[in-house]
Structures are given as C-alpha cells and as structure tokens.
Amino acid sequence: MKIKAQIAMVLNLDKCLGCHTCSIPCKNVWTNRSGAEYIWFNNVETKPGIGYPKKWEDQALHKGGWEMGSKLRLRAGGRPAKLLNIFHNPDLPGIDEYYEPWTYDYDKLVSSPQKKHQPSTRPKSLISGKPLRLKWGPNWEDDLAGVSSTGSGDVNFKRLEHQIYLQFKKVFMFYLPRLCEHCLNPACVASCPSGALYKREEDGIVLVDQERCRGWRYCVSGCPYKKVYFNWQTGRSEKCLFCYPRIEAGLTNLCAETCVGKIRYVGVILYDAEKIVAAASSKEEPDLYPAQTELFLDPNDPEVVAEAISQGVEQSYIEAAQRSPVYKLANDWGLAFPLHPEFRTLPMVWYVPPLSPLVKFFEDSDDDLDNPEVMRIPLTYLANLLTAGDEEPVRLALRRLMALRSYMRSKRLEGEADSGVLEKAGMTEEMAEEMYRLLAIAKYKDRFVIPTVKKEKEVNLYCEQGAAGFNPHGA
Amino acid sequence: MAKKSLLSSLRLLRPRDGCEKEAIAGGWAEIRCGEREWEDFYRRRWQYDKKVRSTHGVNCTGSCSWDVYVKDGIIVWETQRGDYPSCGPDLPDHEPRGCPRGATFSWYTYSPVRLKYPLVRAVLLEMWRESLTSQPDPVLAWQSVVEDEEKRVKYQQARGKGGLVRVTWDEAATLIAASTVHTIKKYGPERVFGFTPIPAMSMVCYSSGARFLSLIGASLISFYDWYCDLPPASPQIWGEQTDVPESADWYESSYMIVWGSNLPMTRTPDAHFFTEVRYRGAKVTAVAPDYAEYVKFADTWLPAKAGTDSALAMAMTFVIFKEFYLDRQSEYFTSYAKAFTDLPFAVVLKPQEDQHVSERFLRASDLGVDQNNSQWKTLYYDVKSKSFVVPNGSIGFRWNEEGRWNLHQMDSESGEAVDPLLSFADENDGWVSLRFPFFDFHGAEVRIGKVPVKKITGDGGEILVTTVFDLMAANLGVDRGQGGEVAEDYDDFKPYTPAWQESITGVAKDDVIRVAREFAENADKTKGKSMIFLGAGTNHWFHNDMTYRAILNLTTLCGCQGVNGGGWAHYVGQEKLRPQASWAAIAFGLDWRRPPRQQNGTSFYYFATDQYRYETFDAQHIASPLADGGTDKHLADYNVIAARLGWLPSYPQFNRNPLDLCREALESGASSDEEIVSYVVDKLKKGEVSFALEDPDSPENWPRLLFLWRANLLGASGKGHEYFLKHLLGTNNAVLNKEGEKKPEEIQWRDPAPEGKLDLLVTLELRMSTSAMYSDVALPAASWYEMHDLSTTDLHSFIHPFNPAIDPPWETRTNWDQFKAIAEKFSELAATHLGEQKDLVATPLLHDSSGEIAQPTVKDWKKGEVEPIPGKTLPNLSVVTRDYPNTYKMMTALGPLVEKVGIGSKGIMWKSDEEYEALKEKLGMVAGSGITQGMPELKTGKQVAEAILLLAPETNGRTAVKAWGGLEKKTGLSLAHLSKDREGEKMSFADLDGRPRKIITSPIWSGIESEDRMYSPFVINIEEKVPFRTLTGRAQFYQDHEWMLAFGEGLPVFRPPLDMQALGSTEITRGAGKEIVLNYLTPHSKWSIHSTYSDTLIMLTLFRGGEAIWINDEDAASIGVEDNEWLECFNVNGVVMAKAVVSHRIPRGKAFMYHAQERMINTPGSKLSGMRGGTHNSVTRILVKPTQMIGGYAQLSYGFNYYGPTGAQRDEVIVVRKAGKVDWYED
C-alpha cells in the first residue's frame, strides 16, 4: 500500500444554477490575457449538448484518454506514435472547435464622428483582427440554445432515442461545470514528450511546468476532457491549476469559493497509489467507477491512519481527510460519481447527479419519491455521463436524494420521521441527518476542508520567512 | 515568463528530504518533487496589494458584498465577500452572494467603452460656443441657440449618430446650468425632469440628482410602475407597494410554486435557499411556458401558455375554495379569513335587469351610524350579537381619531369582542341571482351566480347585502345547491374549473387539482408555510393586476401571508430601501423644502413620447359587460381625469409657468400663500388656467430638459423606444405606425404630432450606453469601485457599503460630485436670472395621507359635479419658496426641517432633533457665512451615507424605538417592544465596512428583523394586529371602487391577454416571404443586469455575442430559419434585428428576446426601416389600464413608485422572418 493524499472536488449538479459565476473569477485571475482569451480553465455546459470544445466527450473523434487492449494504453498511441507525428498532431482540436475569440471596437462607440446611422460595433477576431461571423463559443449551447440540432451529437444519448428528447414535450436540461479533473492516472502527463506535466506530491494537483513545456500539445489532445489548452502567445500549454496558490494557504479554489449555488465541496482523499494501474485497467468499463472508489482509503480506519503516519502523510492531512466532504459524498453515501470513468484517467472531480421534474405522477406520492425512472432526465443519460452506462449506482444515488427529501418532509409536516423510506434506500437516520447538513445547510466550513501547505521538509522556513516574495522569477 | 536566473538554478540544488520524483501510472506519468520554482509564476498572479469591500449599484436586487482586488495600483478582479452574519446553525448562510454579471464588473473600470471625459454633441457645442462669442451670458447664449428653430432641429436630428466631443467639466456644467436656468425662467421648474431608478442599489447616487432637482422644483420620474415591475395587485390587496420575504425565509417554506420568476437567473445569489430547502422536504411546482432554469429544480412542471396564468390560478382557487372552505372547513383557514381578510365583510347589492350586481362595501354611513369618517368604515355580521357591526381597523379609523385602527375583532362602538360570519348560507333572508362579468378570448359575457343575502334597513330604505365570501363562491361557480351557473365537478367545462382552464392554459386538469390540493394541504398542516414566487413573467402583461390577484388568492385563502415561509415572493425591480425615511428626507430635499414634485413614469412617458396618439382600442374593449356607460373613452382620457381629480400627478402641472402664476397672483393682490392658491383655483374653475395634460403636445407643455443618471432609459427601459426617438428626441426612428382613429375627448389634439420635445438630454454615465449615445451631454461617472455609498435589498436584511478601491480615474466623478458641479454653476447663474421666487406645487392625494379618504365617489369638478377644492376634489396645492441662488449651499448641508418638522414615511412621523445635533458633530458643521452656516455638512457621498444611517430607525435603535410612538397612538397597540432590544445600536459607515449588519425592526416595514427569525412581510399585521392600509384594514379580495366595477374587476377573474394582432400590431405593408407571427416576450437576461454588463466582453463571449431572439425549432423550420441566422423582427412599432437562437426549450408561438441588449453591439441594418436594427423595445408600445389610475380612495391612492398605471408591453406580437444577408450601415 502506498498512501497518497489528494485534494479533490465534488460538484452537486442537483444544486447547480448554471450561472457561470465559477468561471468568471477563474477567467479574471488566470486566463484574462493575450494568448489565453479562448481558454476557460473552468467552464459550464448545458446538457444535453456537445460543449466546448465541440464533442469533447466523443473519443472516437478526439482520441483522448486511455483504452484497454492487452494492457492499458493511450488511445492516441504511445511514444513511438508521438514521435512520428511530432510536428503534426492529428488529434488536436482546431480553434473553431473551441471558438475563435473575439472583441469589439468599443472605443469607436465613444469617439465616432457624426454619421448617417447610429454607430454600432461588430465582432472582430482577436486572432486575425478581422470582422468575424460568430459560429461557436464557450457556452454557445446555453440553456439548450441550438441543441435541437447539435444535441444529436451528444454521446450521452447512447442507447436512447435522442430525437424524442430534443422536442419541447420531452425537454430536459441540466448544467455541467467542468474543470481539470486532476486525475490519478492523467493522460495529459503521460502524453507529454517533454515531461513538462506532473502531479504534485502533496496535493495531487496536475500542472504544466511553464519552463519545461515545449508546446508539442500532446497533452491537449491526450486529455479526454480537453482541459489542457495551448496558449498561442507563449507557445506553452496551460491548464487549471486547482488554484494552488490559494490551496496552499488553506483557501478553496476560486471556482468553489465563488459558487453561489454552493454546489462545490473540496477536501482531502487518501488513496492507494499502488492500485492505480489495476483500477484504470478494469476490464469492463462499468467496473471503473467501483474500482476507483476502492482506491480511496477510509480515513477513519485505524489501520489506514497508522499506515499513513508511518509513510509520512502529514497529521493535518489525515485529520482533513477524516472531515472530508468528498469522501463522504463519494464513498460513504455513494452520491457522487466520476465524469466519464470510461476514459480511464481516474478523475478526481466528481458529480452528484441532478433530480428533475416528474414526467408522470402516481396517486401514491411515496412511490414517486422513490422512483427515479419517472423523472425527466433519463437515467440512462446520467449513467452514460457518470458511470460508463451502469444505471444502478446512479439510480441509488437519486433514490437517496429523494428519500432524504421524503424523510425530512415527514419530520417537518407530520411531526414524525418516516425512517421506512430511508431503509428502502439503504440509509440510516444518522446518515440522512448528516447528508442533510452537508447538502442543505452546507456551511462554508463543511464544504471546504483544506489543510495548509506543509513545507517544513522542503525548505528552510527560518530562511524563507525573510526571503518569501523576493522571487527572482518575478524580477 | 522570466528567464531562469542564476539564483533559481542554485536553489534547485538544495536537498529536499523525504521527497523524491516518482513514476506513476505504470511509468507514464510522474509525481515531481523539486524543480518546482516555476510555480511562483501563478503564485505571483494571485498576490495583490489590497482588497476593498464594495458592491454593484445595479438594478438587480442582489446587493451582494464584494471584495475588489487592487494590484500594482490597478483594479484586477473581484470575488464575493462571505462575512454576512450567519443565519444560525440550522439554516444555510447567505454567503457567497454574487453572480457572473457582478463578477465581471472590473472589466468596465479600464475598458474602452468607458466615458472618461465630459462629452457634448459637436454640432450643439459649435452653436453654443459661437453664441457665447456674441452673447457672453450663458443663459442668454443658450436661449439664442434653443429658440432658433433651425438650430434646435439640427442638433436634435444629430442625436444618436456619434459626434460627441470632449469638453472641460466647467464648460459642460455651464451649458447644463444655463439650459436649466432658462427652462425654469421661461417654462417653469417642473419642465425639468430627472429619471433614475432603484434607490436601494446605491442610495447616495440616487440622492445626488434627486436632491438637486427637488431643491429647484424639478420633477422626478418614477420607475417601478414604469418598468411594470410594480405589482398593482399588492397595493390593491394590502395597501402596500411590495413587501416580500428575504431569501433566507424561503428556507422556512415547505411548498413552493414558482410562477414566472426565474430564480436561478434573476435571483442568482439567493437561489441556493430554493435548491437547498428541497432537501428539507419542500415540494416545488414550476409554472412556466418554457423549460426555464427554475423548472430544472421542480418536482412538477405546469407548462401554462404564457399570459394565461390567471386561468390556472382561478382553477386552483376553485379547488381550494371548494375543498377547504365549503366541503369541509379548515379551522386555520377560516380563522385567518375572519381576522385578516375582507371575506366576512358585507357588500351592497344593486338591482340590474331583474337580477342584481355587487356594488360597494356596506359602510357605517349607509346605516346612519354617526361616527368619524363613517363613509370609510366597513361592516360585517357578528354571530354573537346577531347584528351588523363596525369592527375596528377599517381606514376610517386611521384619520382624525386614535386608538381603534387595529385588527382586534371588536365592535368599535360597544368594545365587545365579535365573531364575524363568513357566509350567509345558513343564516339569510333568501338567495338572489347575481350577475358577474366573465372574460375570455371571445370577449365579455355575463354569468349568473346565486348568493345568500341579508336585508338591512338603512338610511335610504332597504339594503340587500351579501359577504365577499359568498360573492367569491358564486363567481367561481362552485355548486352550493342553489342553482345558478355552477360546475358539477372539476371535469365540467364551465368557467373556472380545472377542465375549463385546460383549454386555455394547456395544463392537464389533474395536475392542477393535485397542485392546488397539495398547496392548501401543506398550508393547513403548517399554518401557512406555502409560498408562491412570482415576477416579471406574470406581471408584465396588460392585465397584470388581475393575474396577480388571481394567484395571490391562493396565498390569502390558505392563510400564508404574514407567516414565515409562506405567502407571496415577488422580486422584480423593487429593491427595498431599508433606511427609507431618512434617505427620502435627503434625496428629495425635504430638509429644506416640501413637498417635492414626483411624477409617475408611465403617464409621463405615455404622453411625452406621444404613444397615446397610437392607441388602437378604447376602454370599451376591456370594460365590464355590467357597466352602465362611461367606458367608451380613449385610454388617455382616463389619465387626464385622474390628473384633474388629484389621483395621479401630472407635470408640467398647468399650461402656465408656476413661478409666473405666483407672481401674477401676488401682483393681483394675493397677500398669503393661501390667497395665491385660491387665485389659481379660481382661474382653473374659470378655465383661464388649464392642466398641461389637457394639451400635452402644445410647446409650452413639453418636457424640456431630462437628466438621466444610473439609468439607461433608451437602451433598457424605454418601452416604445422608437416613439421616444421620434417624439421626445426628434431624431431618426423606425416608427411604422399610424395614429389611432379614436381621438381623446379630454385632450386638445394637435397636428402634426410634435417631434423633438426635449431641448436638452443629459446622461451621467459610466459607459457609452444607448442613452449616452443619444444624449446631448454625456458626463463621465465614477464606478461603484470608486465611491462611498450604501446598498440594501429585499432579498436580505443587511446593509453594507461601497468603498473606493481607487480614486475615480480620468475625469470621472461620482454622481454626487457631478450634481454638485452642476448645482454650483446653476446657483451662480441663478443669482442673475432667477433669485428667490414663489412656486406653486400641485401634488396628488397621497396614499398614507388623509387624502386617501378624499373621494368616496367619483365627482369631476370640471363637469360641475363638485366644487374644485385643493386636497379634496383637486390635487393639493402648496406654495414653496425657491431660493435659487442658494441651491448649492442647500444641497451640501442638512437643512433645518429635519429638526423642526421631522421625518417619516407611510403616515408615521417623528422628530429628529437629537440626531440632527449628533450629526453636527459626526459630519462637521458648515463653516463660512451664508444660510447653511453651522448646519451638518453634506459635501461628500460618505457624509450623506452617515447622515442616512444616523437618521434612520433601521440603523439607529434609539430612533427606531422613538418612531413607533406615532403608530402606537394611532392603533392603540403596544409596538415599541419590537425594537427595544436593539435600542443601543447605532450603525456607522465604519461598522458596515467591518461587516454587513442586519437592520433593526421599524414601523416603516411590515415584518420583524431579528436574529431569531427571517424577515417575512405582514408579520406585524398578523402577529401585532396592525391593520393593512386598505379600506377594510384587511387583505382585500374585493375592490369596490366605481372604476374597478366598471371594468369588471371587483373580484379576481381570468382576463385573457390582449389580441394585439387583431388590434393591428402587424398591419404593415411588406414584401412576400415566409414569416411567422409570435407573441413577443422580453424576460430578464442571463448575461446582463438590464443593459449593464450586456456590453462586457466576457458576458458577450459567454453567449452569442450580441442581440439574439429565441424561437422554437418547429417555428423556425416553418420559416426556413436555422440556429444563428439573422432575423428581422418587426411590427408597427419598429424593427429589431437579432440572431436566431433556435431551441426546443421554447414553446411554439413565442419569441423570447432577453431584454436590454444594447443596440450598439452587433446590430446590423434593417431593410424594412432602412435604419440600424433597434433594441428589444423597438417593437414595443406601452398599454395603460384605467383602473390603475384610480386615486383618493383608500389603498387605491397614489404613491411615488407605489401605485399607478404600469407600463405593460408583454401582450405584443411581432412578425419574424429570415433577414438573409445583412447590411452593416457603417456610414
């Protein structure tokens, strides 16, 4: 057993407002500069839809992530294939698949001389400077815009008749905020010919070394989530850094801090690094999700704790792991799932699936609150998104959310808690109460449990105290 | 990125214990230790020099506290501040409040669209400068420009076409001041207008122009009614503008119907309470025509066709009334109805065609009861004494007496406890047939219902009465075994049944029955914790009041109002200005002069932009089939009558300059203010002076000057945009309409219609908005990160500040400093041209004044039906002395009336002498000689903010306790205890900077502010028994004003949307081609707050980069349109060009254009108009409703932003067709 700690995230899609507040401070702080205009470390997509870049989920097209042959291998091919194509990466998405970033001649509105017609300004490309006919953007499909036609390209309709769901009568939608998954088995790191990408020892954050990157862009195509981007100005790739300058200080990420829907949870996960390859090599795709949960170690198991201490895991990390909202949502309660586990990267940003309005109603209302099959979002769709098609775990998670609501309603209205409804969903009252506090009351201190960085072993803090900030790199 | 330095290379050599690079993922990847110094690259970006607490003064009800980050002296980004006081351990907290729009605000700070210097229209500037060379007096120079018709037309026609050039602040201020002085002198001060909305979003900024303009006697224009965000149903039912639960109170609810209010999109910072309470077991039903964002969170979706909501609500009322009041009686509902609603009150029936119709509430005067205001005291039948009694609490008890204006169930004469009878069904003198108005898509009909009656002998003989409860039952058609047009069951296709509504709304009847039942059962079990969210989606329609009344029926019938977690939750446009009374005193200059001039927006713009000339239907079209005459007038006629009788304000007041009128009166021997007034009344009576509104298109009655600040009238709220351009501004426009055939009787019609009424349009703005683009002068304003101000909202009960992160950059100034500059120049020029003058101010019969019981019946003095008496049958007339040369001094010092007369609101006044003294110390006293010497100084925005805080009961506990005094006297109730535990608190600006603070309970608001519970409206009415400010003192289902009955709106009923296609909206000659007519809806946008942020690059990038219209995929296919193609959308009002957003989320037959997308971004030309495509308002025209003009009648009395006609536009239709290749009109 090799115990490692990672700071991971869970997003509760059942609370997501689709407001994009998460994206904006992220953009303002990290990618609001030349060469990075089209880069959104965090973006929000409407589902169904094909997203940004277009059809990023379709690996038949993009060749991202891993696949299983006789053993685990990069879908785009290993090092020999990369060397052959080193000056032409065939799997790289074109700028139109993201979108050509644009601006306007705003100053002309202020300085225009008197004209025959009222001045107006048209979009112009930030790349070519020429007038641009807008055709795609980072959120082109917002609230199902245009999805009556693009929706047919959404791979999550697998095993479903998409035409039925792309009409008013059967319409459904939800939002999918996306950031780098900071995977345990990162295909981007594996794809880099320069060794510029790495996973941080202390928190598992995956980064592109801006000094070592040579701009080959195999990380861009290798990432099945399309969350590594090429900065065309610096010639280097950049990606979500999980706001490590904040994480190190014990602050949560900007996207999580600013999330007004309060859907994000950030906390420590202890996992067994020795099992990564085996888990990612699970034979059947639906086995990937359970295999990944098995990598996660129970931070309250005394044996795990003892072993972690002996391997040098910091006490503060162990304590944080014990209070981790992420572990509770993913392992204890089975409410959260990885995004497209079939990409085999073992992603560390997980999602609680959303409830949706009932399409039909039965007289016995208990039945409804027990039955995810009658909701607007097809279970199959969610399973394709979160569990490589296995509906059972998603069904259970939705049933638990419904049972929680039903139980709480009985407590409030009838003055008597109906624990029967919990039992049917495999829950105890204690679990329901704790779940309620985390999902509904959701206090800041419970959403984010982040230890501050430990540098004692790394640098001489006595010296560093006086030198911090005098950074020759910035000079 | 910096090159690696020697030092960093050396650092790499340092040993690192216990940390080694290792391979993972089968050797494919690595975990790296060391060689990580480059990570400082991102660390350095995150570092900053300071952060400052501020917020966004934008019209969104958000009022979120933000941190603004400054790095290297530059504002770089913002994140939410999360330190609101906690809601307690068992409730979610407010943090983090904010939204994507607000998160982009820092973009504006340095953006190229920012106004950096004062700008003036070049062609005007040239004339002005030229004129000054021959005429150095700026006032005379302005006169020589503006009175030269050729010149005037020339610069007016240049409006909106670019050509603004930089001038100095001094030159800009001189031009504006000269124009203002000239207008006052020639036409009168009320011909100067100011428009700014939503004080709560930045109350000091609102005050800046409002204070200056009020001091000079100019007219301020209201916004809430004009925006059609005011729900007239609220004053109609409760006598309250709008009062709603704070968002944390949603968490107390256990059943929610979200009805046309898009919480995730428009209440982004608060929506989490809505999503979270579901886990507490709350059930959610969404009523929405489209699959809106909020539908995502619902358990049940009722996809009612847009505009048919009242049919759905009537059917739910049918179910609830039958199942919870008739088939069985919910004990909770019944006792609530008796205590807090008009359901038991007696209504007089009048014979009509062998049957009867319902008329007025029975009044004490009908029975000859000799009491104060007996015409305004209503009665019900008491079971105990078996007689009709006059219970405490009706509006007659509010004025000229004390101690009985309360909701104790008590006979006001005997003082005995009473038990009102809800229905005469079991105790009556028979049942009679009653005629009810019924409306549907085919027109109006009469329906017959049976009601039990009692016969009373009154002064004038026998009177037949029934109860409001019995009227409701008969109107709904619930079968009570007495015949009439009743429904057998829910499946019966008779009006108001669930089956009936299905044919109108498209919602399955079983769903309606279930939701109605669930809603009521939930309320019964929880004593009222069922809540309905409603908003623009239901309120922006012509019959908005009837839709709301129908929906609100449900909350009142189920005892939900005044209960935490229950009742209505309307959040549009109004942001609760918590320190309302103290703010108003400063904003409207009440510390110096009273009363101010306050004009209702809808009427103003209706006439000023001549939209009234294009009416296509008269009032008969919407009248009750039971009305006996008087309903065939032009809609404008009702407004003229309303102005004449003192119901609505109307500025300009008369066809004369009020300064001249006063001077003339004095010259004719008037020796007192009273004599000036009677001089004018006499002239009015003789017809020698007339109301300006009777001749609105005559040049002396035009508005001449308009100041816009914190407002984008032309780019956002100006409904009938093209009419604004044509008639008010006199520039190019796309009006394709013909004037209406029916002419008003009360108005002098002038041909041709005037074009270009405004002499000068001034916009004080942060950025180049559409309004700035069309203005003659655009003054650069400081942003919200560059000033001190205060912010509050109805969504939370905190007050928190704006702070400057940097000083205003370039030549920008705060609104306060901008108006100070204008005031200073104005005062200087006024010394020569104006001096001190008397001004006659006409004001309407105001809500919460004794004027609200002025007119029990409608009598027109002009027709000789009564004598013209100011304050009774005419508007109030007051003489105010204007000390024009001292305007600047008065603006910058807190005047003496605060101390001498006091301040107050909602009919409650208190003296602020202690606070006045304290402010001298806190703010410093004005030094130097002059009228303000020794007074508290108001030179800076921060001083204004401090003054507001110290004078307000909501932020000064001592004042709060004091403020209850007046209400205690009036009601005979003990109330001061509500604020007592916070008596010692005084919130200063620095306190708020430290942390947002929760405000203190005050008599200005109807709910309780406390650490232990969330704010919910009407809690004080229900728990403390303070009456609602209505005729009966209770929540009113029934409206008995003559005009209400004439338009069939005594009781809530279904009123279908107007058929605008039949009314001519699409009658335009045009070429062939595939087209489709769609109902045109303009909901709030996701990518902007009105027009603010609509031009920021991030918001434009996050959607489609410019103007867009959503249509259904099948509708699009029918005209051969694909997603992202250009559309030309038009009707008689104008044209809008936009990209098609094709989606199956939108129902067929509807077009959604999210509103206030600026016409300066990505807007091509239209072949139809030959001009650049317009705004979302280019295809709208407002529709005004006579019943909303009623005044001088209890709760139906005017208040600024409180009651009055709303600017409805959502019934409109547009023609949509593919635009093909577009021309950009770059010339």
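Because the structure is a prediction, the values reported are computed rather than measured.

A. Structural detail: the overall build of chain A. When its secondary structure is counted, chain A shows 23 helices and 14 strands. Computed over C-alpha atoms, the radius of gyration of chain A comes to 23 Å, within 12% of the 23 Å expected from 2.2 N^0.38 for 475 residues, which places it in the range of a compact globule. Its C-alpha atoms give chain A principal-axis dimensions of roughly 70 × 65 × 50 Å. Burial status across chain A gives 64% buried among its 475 residues. In chain A, of all internal contacts separated by at least 6 residues, the share reaching a separation of at least 24 is 71%. Carbon and sulfur atoms form 50% of the exposed surface of chain A, whose accessible area is close to 16400 Å². The averaged location of the 62 negative side-chain charges in chain A is 8 Å from the averaged location of its 61 positive side-chain charges.

B. Up close: helix 32 (residues 941–951) of chain B. Burial within helix 32 of chain B is extensive, with 10 of its 11 residues counted as buried. Within helix 32 of chain B, the full set of buried residues consists of Gly941(B), Gln943(B), Val944(B), Ala945(B), Glu946(B), Ala947(B), Ile948(B), Leu949(B), Leu950(B) and Leu951(B).

C. Highlighting the interface of chain B and chain A. Opposite the 146 residues of chain B that make contact, chain A presents 131 residues. The junction of chain B with chain A conceals about 12000 Å² of combined surface from both sides, 56% of it contributed by carbon and sulfur atoms. There are 15 salt bridges connecting chain B and chain A. Here Lys262(A) makes a salt bridge to Glu95(B), at a shortest N to O gap of 3.8 Å.

D. Representation of the environment of Glu445(B) in the model. All names here are of chain B. Mapped onto the fold, Glu-445 is located in strand 18 (residues 443–452). Residue class for Glu-445 comes out partly exposed when judged on its relative accessible area of 40%. Expressed as a C-alpha distance, the spacing of Glu-445 and Pro-625, which sit 180 residues apart in the sequence, is 6.2 Å. In contact with Glu-445, other than residues within four places in its own chain, are Phe-436, Pro-437, Phe-438 and Pro-625.

E. Quick peek at the side chain of Glu954(B). Residues and elements named next belong to chain B. Positionally, Glu-954 belongs in the loop between helix 32 and helix 33 (957–971). One buried charge, Glu-954, has no salt-bridge partner; the nearest side chain with opposite charge is Arg-578, at 8.1 Å. The contacts of Glu-954, once residues within four sequence positions are left out, are Arg-578, Pro-579, Gln-580, Met-987, Ile-999, Ile-1000, Ser-1002, Ile-1004 and Trp-1005.

F. Molecular detail of the sheet that holds strand 37 (residues 1134–1142) of chain B. The strand order around the closed barrel built from six strands is 34-38-35-37-36-39 (chain B), with neighbouring strands paired in mixed fashion. Adjacent strand axes in the sheet meet at a mean angle of 45° when their direction is disregarded.

G. Expanded view of the pairing of strand 34 (residues 1076–1081) of chain B. Residue and element names in this part refer to chain B. Most of strand 34 is tucked away: five of the six residues are buried. Of the strand pairs in this sheet, strand 34 and strand 39 (residues 1213–1218) are connected by four bridges, and their pairing is antiparallel. Paired with Val-1077 across the bridge in strand 39 is Val-1215. Pairing of strand 34 with strand 38 (residues 1150–1152), which is carried by three bridges, proceeds in the parallel orientation. Within strand 38, the residue paired with Leu-1081 across the bridge is Phe-1152.

H. Fine view of the nonpolar core. Residues and elements named next belong to chain B. Phe-195, Trp-259 and Phe-707 are the most contacted members of the largest nonpolar core, which totals 554 residues. In terms of residue count, the dominant contributor to this core is helix 13 (residues 309–326) (12 residues). In terms of nonpolar packing, the next biggest core, distinct from the first, is built from 19 residues, Tyr-1080, Ile-1119, Val-1121 and Met-1153 among them.

I. Molecular detail of helix 13 of chain B. Along its 18 residues, helix 13 of chain B runs 24 Å from first to last C-alpha, staying within 8% of the 26 Å computed at 1.5 Å per residue. Counted residue by residue, helix 13 of chain B has 16 buried out of 18 residues, so it is predominantly covered.

J. Geometry of a nonpolar patch on the surface. Together, Ile95(A), Ile127(A) and Trp232(A) line one region of the surface with nonpolar side chains, adding up to about 240 Å² of accessible area. Looking at Ile127(A), the relative accessible area reads 42%, which means it is partly exposed.

K. Expanded view of the sheet that holds strand 21 (residues 530–534) of chain B. Residue and element names in this part refer to chain B. Taken in spatial order, the five strands make up an open sheet running 12-11-10-21-22, and their pairing is parallel. Every interior strand has two partners, whereas the edge strands, strand 12 (300–302) and strand 22 (567–570), have only one. Within the sheet, the average angular offset between the axes of one strand and its neighbour, ignoring direction, is 20°. Pairing geometry for strand 10 (residues 255–259) and strand 21, over five bridges, is parallel. Counterpart to Ile-257 in the pairing with strand 21 is Ile-532. The sheet contacts of helix 13 involve strand 10, strand 11 (283–287) and strand 12, and relative to strand 10 the element is tilted by about 155°. Where helix 19 (residues 544–557) meets the sheet, it contacts strand 10, strand 21 and strand 22, and its direction lies at approximately 165° from that of strand 21.

L. Structural context of the packing of aromatic side chains. On inspection of all chains with the given rule, the structure shows 101 aromatic pairs over all chains. Measuring from ring centre to ring centre gives 6.1 Å for Tyr52(A) and Tyr99(A), while their planes differ by 50°; the resulting arrangement is tilted. Taken together, the residues Tyr52(A) in the loop between strand 2 (43–47) and helix 2 (59–62) and Tyr99(A) in the loop between helix 4 (95–98) and strand 5 (102–103) connect sequence positions 47 residues apart. What makes Tyr52(A) buried here is its relative accessible area of 0%. For Tyr99(A), a relative accessible area of 1% gives the class buried. Arranged with centres 4.7 Å apart and planes meeting at 55°, the rings of Tyr614(B) and Tyr723(B) form a pair that is tilted.

M. Main features of the confidence of the model for chain B. Of all residues in chain B, 98% attain a pLDDT of 70 or more, and the chain-wide mean is 96. Confidence metrics for the complex model read pTM 0.97 and ipTM 0.97.

N. Region of interest: the environment of Glu1023(B). Residues and elements named next belong to chain B. In this structure, Glu-1023 sits in helix 36 (residues 1019–1024). With 543 residues separating them along the chain, Glu-1023 and Arg-480 place their C-alpha atoms 34 Å apart. Discounting residues that sit within four places of it in the chain, Glu-1023 has contacts with Ile-1008 and Arg-1013. A polar contact of 2.8 Å, which involves the side chain of Glu-1023, links it to the side chain of Arg-1013.

O. Here's a closer look at the packing of helix 20 (residues 580–587) of chain B against helix 32 of chain B. Residue and element names in this part refer to chain B. Direction vectors running N to C along helix 20 and helix 32 enclose 135°, while the axes themselves pass 7 Å from each other. Classified by the angle their axes make, helix 20 and helix 32 are oblique. The two elements helix 20 and helix 32 meet at a crossing, and its hand is right-handed. Contacts between helix 20 and helix 32 involve Ser-582, Trp-583 and Ile-586 from the first element and Val-944, Ala-947, Ile-948 and Leu-951 from the second.

The rules behind the values
- Residues numbered from 1 in each chain as written.
- Chains lettered and ligands numbered in written order.
- Predicted model: local features only at pLDDT ≥ 70, side-chain atom pairs only at ≥ 80, totals over all residues.
- Heavy atoms only, no water.
- Helix = DSSP H or I, 4+ residues; strand = E, 2+ residues; numbered from the N terminus.
- Rg over C-alpha atoms; globule rule 2.2 N^0.38 Å.
- Buried < 20%, exposed > 50% of the residue type's maximum accessible area, 1.4 Å probe, protein only.
- Contact = heavy atoms within 4.5 Å.
- Areas by Shrake-Rupley, 256 points an atom, 1.4 Å probe, with all protein chains shown as cover.
- Lys, Arg positive; Asp, Glu negative; His and termini not counted.
- Charge placed at Lys NZ, Arg CZ, Asp CG, Glu CD.
- Buried area = accessible area lost by both parts, 1.4 Å probe.
- Salt bridge = Lys/Arg side-chain N within 4 Å of Asp/Glu carboxyl O.
- Pairing = 2+ DSSP bridges.
- Axes fitted to C-alpha atoms, helices over the stretch in contact; angles between N-to-C directions.
- Core = buried A, V, L, I, M, F, W, Y, C linked by side-chain atoms within 4.5 Å.
- Expected span 1.5 Å × (residues − 1).
- Patch = residues over 30% accessible without salt bridge, like charges linked within 9 Å, V, L, I, M, F, W, Y side chains within 5 Å.
- Phe/Tyr/Trp six-rings, centres within 6.5 Å; stacked < 30°, edge-to-face > 60°.
- pLDDT = per-residue confidence, 0-100.
- Polar contact = N/O pair within 3.5 Å; in protein donor to acceptor, adjacent residues only side chain to side chain.
- Parallel < 35°, antiparallel > 145°, perpendicular 65-115°, else oblique.
- Left-handed = near helix turned anticlockwise from the far one by under 90°.

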